Amino acid sequence: MEIERNGGAGENAPGTQPPTPEVAPGVTPEAAAASEASTPVAREGAPARPAPDTSAVPGRVPAPAVAVADEIPVMSRPMSLGVQLEMARLHPVELEHPKALYRTVLPGVMQVPADYIIAAARKSSLWPMTFGLACCAIEMIATYMAHHDLDRFGIVPWPSPRQCDVMIVAGTVTKKMAPAVKLLYQQMPNPKWVISMGACATNGGPYTRYDRVLQGVDKIIPVDVYVPGCPPRPEALIDGFIALQNKIMEERGRVG
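Note that this is a predicted model, so its numbers are computed, not measured.

Chemist: Any chance you could break down the overall build of the chain for me, citing the residues and the numbers?
Modeler: Across its full length, the chain holds nine helices and four strands. Put simply, the chain runs from its N terminus to its C terminus through helices and strands in the order α-α-α-α-α-β-α-β-α-β-α-β-α. Counting every position in the chain, which comprises 256 residues, the buried fraction comes to 23%. The contacts in the chain between residues at least 6 apart in sequence include a share of 75% that link residues at least 24 apart. When the accessible surface of the chain is totalled, it reaches about 18900 Å², and 60% of it is carbon and sulfur.

Structural data, given as structure tokens:
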């Protein structure tokens, strides 16, 4: 009791040395003191100090953050009944491809517009009128021969304008012959088409300087296809027929 009253033998007694902390072997007192200073000590009743952020330390790779929800697969999570009903209501409807009755009864039938069938029949049964005006008519006659054989295209020559639907103006059209060509065109039934064969029928050709030669048959009748040449070969006339067939199919909705 006497010692405590005078503060002699206690911790704070003057002249006494504080006890030396126990230091692990191999660790100096200075290193131990520095370690204690750097270690955060939480006081009672005070919130814990957050750990220092080491992500900004150069050379150190931060550990990936793993959420607790990501550890559980989505498909394995329990799904409530309401969610299941909502998913069933939002499921897309499976559309059925209905077929017409004739497609069900006759599956091999193809549906096409009526004007397509009519135009295909017209282009595959062209009847040119057989008349020639000049030397281009010789090439036209050669086109009808067996070497080129226009019959394979459904093209059949016909001598009467009452049943023809194609006029081939093959040669020079003079002003004296122009009324006859115009009359033959008017006698042809509709629909009808005109092919201008050669340079003379197109713009007068080598006779364009003569005033008695018509400067193109399109001055008196409409022309659908122009075949250049003086005279054009049979292959050129065949190409003109193919161009006319394509035009018939393209204008199928506008031709009566």
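Chemist: Kindly report on the confidence of the model for the chain, identifying the contributing residues and their values.
Modeler: Per-residue confidence for the chain gives a mean pLDDT of 77, with 67% of residues at or over 70. Scored below 50 in pLDDT, residues 1-10 makes eight contacts in the model with residues more than four places away or belonging to other chains.

Chemist: Account for a nonpolar patch on the surface, with residues named and values stated.
Modeler: A grouping of Leu101, Val105, Leu106 and Val109 is seen on the molecular surface, where their side chains present a nonpolar patch of about 390 Å² in accessible area. Mapped onto the secondary structure, Leu106 falls in the loop between helix H4 (101-105) and helix H5 (114-123). By relative accessible area, which is 49% here, Leu106 ends up partly exposed.

Chemist: Can you lay out the pattern of salt bridges for me, pointing to particular residues and giving the numbers?
Modeler: Within this structure, the stated rule accounts for four salt bridges. For Asp218, the salt bridge is made with Lys219, and the minimal N-O distance between the two is 3.9 Å. Note on Asp218: relative accessible area 34%, which makes it partly exposed. We classify Lys219 as exposed; its relative accessible area is 57%.

Chemist: I'd like to hear about the environment of Phe153, residue by residue, with values.
Modeler: Within the secondary structure, Phe153 sits in the loop between helix H6 (136-144) and strand S2 (166-170). Not counting chain neighbours up to four residues away, the residues in contact with Phe153 comprise Lys123, Ser124, Ile238, Ile242 and Gln245.

Chemist: Which residues make up helix H9 (residues 234-250), and what are the values?
Modeler: Spanning 17 residues, H9 covers 25 Å between terminal C-alpha atoms, matching the ideal 24 Å at 1.5 Å per step. Taken together, the buried positions of H9 are occupied by Pro234, Leu237, Ile238, Gly240, Phe241, Leu244, Gln245, Ile248 and Met249. Among the structural elements, H5, strand S1 (128-129), H6, S2, strand S3 (193-197) and strand S4 (225-227) are those in contact with the buried residues of H9.

Cut-offs and rules
- Residues numbered from 1 in each chain as written.
- Predicted model: local features only at pLDDT ≥ 70, side-chain atom pairs only at ≥ 80, totals over all residues.
- Heavy atoms only, no water.
- Helix = DSSP H or I, 4+ residues; strand = E, 2+ residues; numbered from the N terminus.
- Buried < 20%, exposed > 50% of the residue type's maximum accessible area, 1.4 Å probe, protein only.
- Contact = heavy atoms within 4.5 Å.
- Areas by Shrake-Rupley, 256 points an atom, 1.4 Å probe, with all protein chains shown as cover.
- pLDDT = per-residue confidence, 0-100.
- Patch = residues over 30% accessible without salt bridge, like charges linked within 9 Å, V, L, I, M, F, W, Y side chains within 5 Å.
- Salt bridge = Lys/Arg side-chain N within 4 Å of Asp/Glu carboxyl O.
- Expected span 1.5 Å × (residues − 1).

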